[in-house]
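These are the residues of each chain, in order.
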Amino acid sequence: MQKLATREDLETTRRQLLLDRKKTDKTIIICGGTGCKASRSQDVIDAINQELLMQEMDATVNLRVTGCHGFCEQGPIMVIEPGNIFYCHVTPDDAHDIVSRTLRDGEIIEKLLYTDPVTGEKIRTESEIPFYTAQDRQLLSRNREINPCSIDDYIAVGGYMALVKVIDSLSPEEIIHEIKVSGLRGRGGGGFPTGRKWAECYEAPGDEKYVICNADEGDPGAYMDRCVLEGNPYLVIEGMTIGAYAVGAKKGYIYVRNEYPLAVKHARLAVQQARKTGLLGEDILGSSFSFDVEVARGGGAFVCGESTALMASLEGKVGEPRPKDVHTVVDGLWHKPTILNNVETWANVPAIILNGADSFASKGTKGSKGTKILALTGRIKNTGLVEVAMGTPIRTVVFDIGGGAINGKAIKAVQTGGPSGGCLPVDKFDLPVDFDVLYEAGSMVGSGGMVVMDESSCMVDVAKYFLTFLQDESCGMCVPCRLGIDRMLEIITDITEGRGTMEQIDLLEDLADTVTQTSLCGLGKTAANPVLSTLRYFREEYETHINDKKCPAGVCKALIEYSIDPEKCTGCGRCKQACIHDAISGEKKEPHVISPELCQKCGICLSECKHEAIQVK
Amino acid sequence: MLHYVTVNIDGAIIKAPKGSSVLEVAIEYGICIPHLCHVPGLSDIGACRLCIVERVTNGRSQVTTSCTLKVQEGMVIRTNTDRIKRLRHNIAELLVAEAPNSRAIQDIAVRCGVKKVRYPFRNSNCVLCGRCVRACAEIWHANALGFVGRGKNRHVERPLNMREEFCKQCDYCIQLCPMTIPPCDGPMKPGEEYLCGKCESQLMITEEVPDSCAWCRLGEGFNCGRYAGLKAVR
Amino acid sequence: MKSLQLESILKGRNSQPHQLIEVLQDVQESYGYIPEEAMREISKILGVPLIEVYRVASFYKAFKLKPTGKYVITICNGTACHVRGSQLLLDQAVSQLGIKPGEVTDDGLFSIEHVNCLGACALGPIASENGSFLHHMTPARLRKFIESIRHKEKEEGEHAKASYEGRPGDYAAAASPR
């Protein structure tokens, strides 16, 4: 890795790297993202490495460990070129066959192929799998091209060409104009027009300015930013470099949440390599532009995803938000003008500069342009990270990409936007993924989390879950957030435990409105959304809890009963053995019975029973 | 040399020193905006949210705390709209439900129009207004008190529970604390908390002439700056 | 030994209050928690009031003010895991170990943490033990997993502790059959 002093050096290096790539005609791509790692992909990687050595193919086969491919449910994932062959659920034991049969002889191992859950057919390539075909993977598709620990890979596939274009031919005003015209809006949740943010910072007085990448992705159930930062950190750094050039900043920070050690590692490595090659530091690529980046870790606080709290944390203080009567683009980090953008927002910048704003704006709707990465999880067949064009209906995402419900239960709702968002019922699934439309409907795109719920989810419990989360994460400074969320939780807990009254619903709505209007920061201001959206669309569930003292989904412990269906029970005794509260009695081969007084509804018997005899009502 | 800007608060055109907050300017002029965590001379953090006002720009109004809002030329502020009254009422209700055993907070609740409390009473002995913490840090720079923990666990504590090391025994924390002003009839028994409302008679005078200070004894409860100033004069 | 580690962490950071969080993270990694003496030293060297060090250490979840158990069972309570029943996992751990999240068992073996998303949502519900992820967990599986650790600890004594440290994968493999 030598230093690239000029744009010409970069171009020469790129050409050489492309030639080097042609030397090996076979490539085996293995996903090393956190999801596949949890499924032991590292063991697969080690096994393949060993096999390649043993079968003396290590010189002709390129083994590339990449970031996340998005289809985490099917991990560990492997793609083999040539042929774009897609293998899933790979184990270390398969390594020998993969190397000797597929790599050496081109033979496909049927059992490792993906099976279409609807048709039962085996599918050979990634581009034929419905999960992938319905997506528009502008950002995610790059992950398989590069090893996130190698800046050479990034350069080889065209990285930093956008920065070269900026240095060669674009002024700060032109860059900002391009971003404005593209219609790019913040991907972290706020959806604020990025071009306008940059323009305001550019115009703010002062020589010392900062750019920050917000990788404090705290929404539970969302891991898009982790995937981009782990899998392609250079894309983010290139975006930040362009942004710094545009507003006149010399220093940038990537603030990564503490719970993402791999993302921190890859980001730090990427910064180091960029410095070594001269793509960060003084006089980048022979221009007079200097810029450097530091990677900082969060301490474990959701509230630090809020821009002023994040800046406080960078300054070494507690993550307490500040009032934003003066915006952070004027008075931000160290009271200097600062632009703070989300990982995905930064990742979109190079393509906008390279291909032009119109290309980006050609996708999406009038108010929401480009593509959005969503973390599709919950009670559907295909879960993972997906990228779709803005304007795609929720229905497409849930059914065409997500594959519909698991276990034959009916899908009931989708929760979007994390704890700041809301729940939308099935009859709203024709709504598009669009900032303004979802906001009007009482939810939001947010950072992109999309959790699908079926009839086994209780919507009152969902509201309770989010309130509990927010209560835990609130910084506690201001009264409406600290006491308001607490009281809302108190009321919802009453409702889930059978003590609710209809007057409490009115109080809940009044309180929710106050918390929304008077909280100091975004956490408090959006804290009431889960409550308000579930009240709006699932009011009957609240009423059933209050008036009938029943939980239709069978979740709220105080309102349900575990019982054994005597017709299904075979008397095998597994539940009785497993029950830690001695609540089950029965003779061998006779139907067993659960004692309601002793039962604590812990769910162990339910997970042990192989005959589906345990009922929850 | 002091620079002045002109602001419009509730229709009154006021000349205000640049750098001062809307709350300070309003109280000085006699427009009483209820507040709790603000103490003249200490920094403002906007924690209690009682001092909220509506800031009107281009026909749109934004709710924000007047203690953290610095005056700017041409600013238009409304302190007592129906919307603000209702929001302030709800915040005061939350406060008094949390800590009814303080006259200051009872007074504030009544001043903000709370007639009944819709939540079960709790008996906290701290509302986290931060007056003690800021006094300790900013007056004698002792830093013997501070906020510790987060969210529901947030509380005021001495560093590692050691008092002697840092405390300068100035007693400001005790003087400023709203909880050290017991209700007129003494502390309430647990389970028997109620909204006192005895100072309600004073409220009518203030409502009739909203633009001027009634020297309403309610100020005694939360150490209203104006009350303290007027008391000194009289 | 203790103060040497701290000294090297604080080296070159004199009078740099904005380094507070980075320093605390290094201390947390080295010691497993933030000792009181460390907080005093940090306050002195960085030039931050002690109450502020204490405040920051108590604000962020990453910093523990007490040592954790030998086996830290972390249950993910993210939305995706929640709709797949992670609450039941937490209840199981709490009732089986007799402690609440953030506490340590009397024998110092176990502590429970619950986090708000580990980022492996497609594989939930997730429980993790010292960095090793166990996926698609059920209360019954978790029960067996904890019991297996207890069993090993009792049986093998000191020898087991030494050999465990080198192979964290074993217990995890035993508890989550594919």
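Note that the coordinates shown come from a computational prediction; the quantities given were computed from them, not determined experimentally.

Some details on the overall build of chain A
Logical step 1: A count of helical and extended segments in chain A gives 25 helices and 19 strands.
Logical step 2: Computed over its C-alpha atoms, the radius of gyration of chain A comes to 26 Å, within 12% of the 25 Å expected for a compact globule of 617 residues.
Logical step 3: Each principal axis of the C-alpha atoms in chain A carries an extent, and together these give about 80 × 65 × 40 Å.
Logical step 4: The buried share among the 617 residues of chain A stands at 63%.
Logical step 5: Here the contacts in chain A between residues at least 6 apart in sequence split such that 70% fall between residues at least 24 apart.
Logical step 6: Here chain A holds 67 positive side-chain charges and 86 negative ones, and the gap between their average locations is 1 Å.

A few points about the overall build of chain B
Logical step 1: Helix and strand counts for chain B stand at eight helices and seven strands.
Logical step 2: Put simply, chain B has 234 residues, and 52% of those count as buried.
Logical step 3: Considering only residue pairs separated by 6 or more positions, chain B has 57% of its internal contacts joining residues 24 or more positions apart.
Logical step 4: For chain B, the accessible surface area stands at approximately 11,300 Å², while carbon and sulfur atoms represent 53% of it.

Some details on empty space enclosed by the protein
Logical step 1: Tallied over the entire structure, the rule returns eight cavities of 30 Å³ or more.
Logical step 2: Empty space within the largest cavity amounts to approximately 120 Å³.
Logical step 3: Along its surface, the largest cavity is lined by 13 residues, and Arg257(A), Glu259(A), Ala301(A), Phe302(A) and Glu473(A) are the ones closest to its centre.
Logical step 4: At the level of secondary structure, the elements contributing two or more residues to the lining of the largest cavity comprise α18 (459-473) of chain A together with β2 (110-115) of chain C.
Logical step 5: Its residues assigned to classes, the lining of the largest cavity shows four nonpolar, four polar and five charged.
Logical step 6: Computed from the structure, the second largest cavity encloses a volume of approximately 100 Å³.
Logical step 7: Forming the walls of the second largest cavity are 13 residues, and the residues nearest its centre are Cys569(A), Cys572(A), Cys575(A), Cys609(A) and Ala613(A).

Thoughts on unusual backbone geometry
Phi is mostly negative for residues that are not glycine, and the peptide bonds are mostly trans.
Logical step 1: In this structure, the amide linkage connecting Gly75(A) to the following residue, Pro76(A), adopts the cis form with an omega of -10°.
Logical step 2: Among the structural elements, Pro76(A) can be located in the loop between β2 (61-66) and β3 (78-81).
Logical step 3: Here the bond from Glu81(A) into Pro82(A) is cis, since omega is 0°, no more than 30 degrees from zero.
Logical step 4: Residue placement: Pro82(A) occurs in the loop between β3 and β4 (85-87).
Logical step 5: Although it is not a glycine, Leu128(B) adopts a positive phi angle of roughly 60°.
Logical step 6: Judged by its relative accessible area of 9%, Leu128(B) falls in the buried class.

A few points about the interface of chain C and chain B
Logical step 1: With 12 residues of chain C in contact, the opposing surface of chain B contributes 15 residues.
Logical step 2: Summed over both sides, the interface of chain C with chain B buries roughly 1,200 Å², with 63% coming from carbon and sulfur.
Logical step 3: Here chain C is connected to chain B by three residue pairs in polar contact (both at pLDDT 80 or more).
Logical step 4: Put simply, the parts of the chain that give the side of chain C that touches chain B at least two residues each are α3 (36-46) and α4 (50-59) of chain C.
Logical step 5: For the side of chain C that touches chain B, the element with the most residues is α4(C), which contributes six residues.
Logical step 6: A per-class count over the side of chain C that touches chain B returns seven nonpolar, one polar and four charged.

Description of the sheet that holds strand β15 (residues 449-454) of chain A
All names here are of chain A.
Logical step 1: With mixed pairing, five strands are arranged side by side in an open sheet as β12-β11-β15-β13-β14. Each edge of the open sheet is held by one strand with a lone partner, namely β12 (384-389) and β14 (422-425). With strand direction ignored, the average angle separating the axes of adjacent strands in the sheet is 30°.
Logical step 2: Bridge count between strand β13 (residues 411-416) and β15: five bridges; the pairing is antiparallel. The residue bridging Val 414 from the neighbouring strand is Val 452, located in β15.
Logical step 3: Packing against the sheet, α18 makes contact with β13, β14 and β15, and its axis sits at approximately 20° to β13.

A closer look at helix α19 (residues 479-496) of chain A
Residue and element names in this part refer to chain A.
Logical step 1: When the terminal C-alpha atoms of α19 are compared, their 25 Å separation across 18 residues agrees well with the 26 Å that a helix rising 1.5 Å per residue should span.
Logical step 2: Judged by how many residues are buried, α19 sits mostly within the fold: 17 of 18 residues are covered.
Logical step 3: A positive phi of about 85° marks Gly 498, the residue just after α19.

So, the confidence of the model for chain B
Caution applies to low-pLDDT regions: their predicted coordinates should not be interpreted in detail.
Logical step 1: When pLDDT is averaged along chain B, the result is 85; 84% of the residues meet or exceed 70.
Logical step 2: Listed scores for the predicted complex are pTM 0.90 and ipTM 0.91.

Things to note about the interface of chain C and chain A
Bring the parts together and some accessible area is lost; that lost area is often taken as the interface size.
Logical step 1: Between chain C and chain A, the contact holds 43 residues from the first and 57 residues from the second.
Logical step 2: Summing the contributions of chain C and of chain A, the shared interface buries around 4,100 Å²; its carbon and sulfur component is 52%.
Logical step 3: At the junction of chain C and chain A, the tally comes to eight salt bridges.
Logical step 4: Linking Glu29(C) and Arg297(A) is a salt bridge whose minimum nitrogen-to-oxygen distance equals 2.8 Å.
Logical step 5: Here chain C and chain A share 18 residue pairs in polar contact (both at pLDDT 80 or more) between them.
Logical step 6: Those elements giving two or more residues to the side of chain C that touches chain A turn out to be α2 (20-31), α4, α5 (79-83), α6 (86-97), β4 (132-134) and α7 (139-166) of chain C.

Here's the deal with the nonpolar core
Generally speaking, soluble globular proteins have nonpolar side chains that are buried together.
Logical step 1: In this structure, Met488(A), Leu50(B), Val27(C) and Ile42(C) are the most contacted members of the largest nonpolar core, which totals 120 residues.
Logical step 2: In terms of residues, this core owes the most to one element, α19(A), which gives nine residues.
Logical step 3: Discounting chain neighbours no more than four positions away, the residues touching Met488(A) are Leu467(A), Leu508(A), Leu511(A), Ala512(A), Val515(A), Ala528(A) and Val531(A).

Thoughts on the packing of aromatic side chains
Logical step 1: Evaluation of the coordinates by the stated rule reveals 17 aromatic pairs over all chains.
Logical step 2: A ring pair is formed by Tyr154(A) and Tyr160(A), whose centres lie 5.6 Å apart and whose planes are at 85°; its orientation type is edge-to-face.
Logical step 3: For Tyr160(A), a relative accessible area of 0% translates into the label buried.
Logical step 4: Between Tyr465(A) and Phe466(A), the aromatic rings sit 5.0 Å apart at their centres with planes inclined by 70°, giving edge-to-face as the arrangement.
Logical step 5: You can call Tyr465(A) buried: its relative accessible area is 6%.
Logical step 6: One aromatic cluster in this structure is built from Phe71(A), Phe86(A), Tyr114(A), Phe131(A) and Tyr132(A).
Logical step 7: In this structure, Arg226(A) is placed above the aromatic ring of Tyr260(A), and the distance from its NZ or CZ to the ring centre is 5.9 Å.
Logical step 8: The ring of Phe59(C) is capped by Arg150(B), whose NZ or CZ atom sits 5.6 Å from the centre of that ring.

Here we look at the pattern of salt bridges
Logical step 1: Per the counting criterion, the structure on display carries 57 salt bridges over all chains.
Logical step 2: Residues Arg499(A) and Asp494(A) are paired through a salt bridge, measuring 2.9 Å at the closest nitrogen-oxygen approach.
Logical step 3: Each member of the salt-bridge network shares a partner with another, and the members are Asp486(A), Arg487(A), Glu490(A), Glu98(B), Arg122(B) and Lys152(B).

Describing the environment of Thr526(A)
Residues and elements named next belong to chain A.
Logical step 1: Here Thr 526 is to be found in helix α21 (residues 522-526).
Logical step 2: Through-space distance from the C-alpha of Thr 526 to that of Ala 512 is 9.4 Å; in sequence the pair is 14 residues apart.
Logical step 3: Setting aside residues up to four positions removed in sequence, Thr 526 forms contacts with Pro 419, Ser 420 and Met 444.
Logical step 4: Engagement of the side chain of Thr 526 in a polar contact is seen with the side chain of Ser 420, the distance being 3.2 Å.

Regarding the environment of Ile151(A)
Logical step 1: Structurally, Ile151(A) is set in helix α6 (residues 151-156).
Logical step 2: Taking the C-alpha atoms as reference points, Ile151(A) and Thr12(A), 139 residues apart in sequence, are found 15 Å from one another.

Analysis parameters
- Residues numbered from 1 in each chain as written.
- Chains lettered and ligands numbered in written order.
- Predicted model: local features only at pLDDT ≥ 70, side-chain atom pairs only at ≥ 80, totals over all residues.
- Heavy atoms only, no water.
- Helix = DSSP H or I, 4+ residues; strand = E, 2+ residues; numbered from the N terminus.
- Rg over C-alpha atoms; globule rule 2.2 N^0.38 Å.
- Buried < 20%, exposed > 50% of the residue type's maximum accessible area, 1.4 Å probe, protein only.
- Contact = heavy atoms within 4.5 Å.
- Lys, Arg positive; Asp, Glu negative; His and termini not counted.
- Charge placed at Lys NZ, Arg CZ, Asp CG, Glu CD.
- Areas by Shrake-Rupley, 256 points an atom, 1.4 Å probe, with all protein chains shown as cover.
- 1 Å grid on protein atoms, 1.4 Å probe; cavity = no way out; pocket = protein on both sides within 12 Å on 5 of 7 lines; lining within 4 Å.
- Points joined across faces, edges and corners; volume = space filled by probe spheres on them.
- Nonpolar A, V, L, I, M, F, W, Y, C, P; charged D, E, K, R; others polar.
- Buried area = accessible area lost by both parts, 1.4 Å probe.
- Polar contact = N/O pair within 3.5 Å; in protein donor to acceptor, adjacent residues only side chain to side chain.
- Pairing = 2+ DSSP bridges.
- Axes fitted to C-alpha atoms, helices over the stretch in contact; angles between N-to-C directions.
- Expected span 1.5 Å × (residues − 1).
- pLDDT = per-residue confidence, 0-100.
- Salt bridge = Lys/Arg side-chain N within 4 Å of Asp/Glu carboxyl O.
- Core = buried A, V, L, I, M, F, W, Y, C linked by side-chain atoms within 4.5 Å.
- Phe/Tyr/Trp six-rings, centres within 6.5 Å; stacked < 30°, edge-to-face > 60°.
- Lys NZ or Arg CZ within 6 Å of the ring centre and 35° of its normal.

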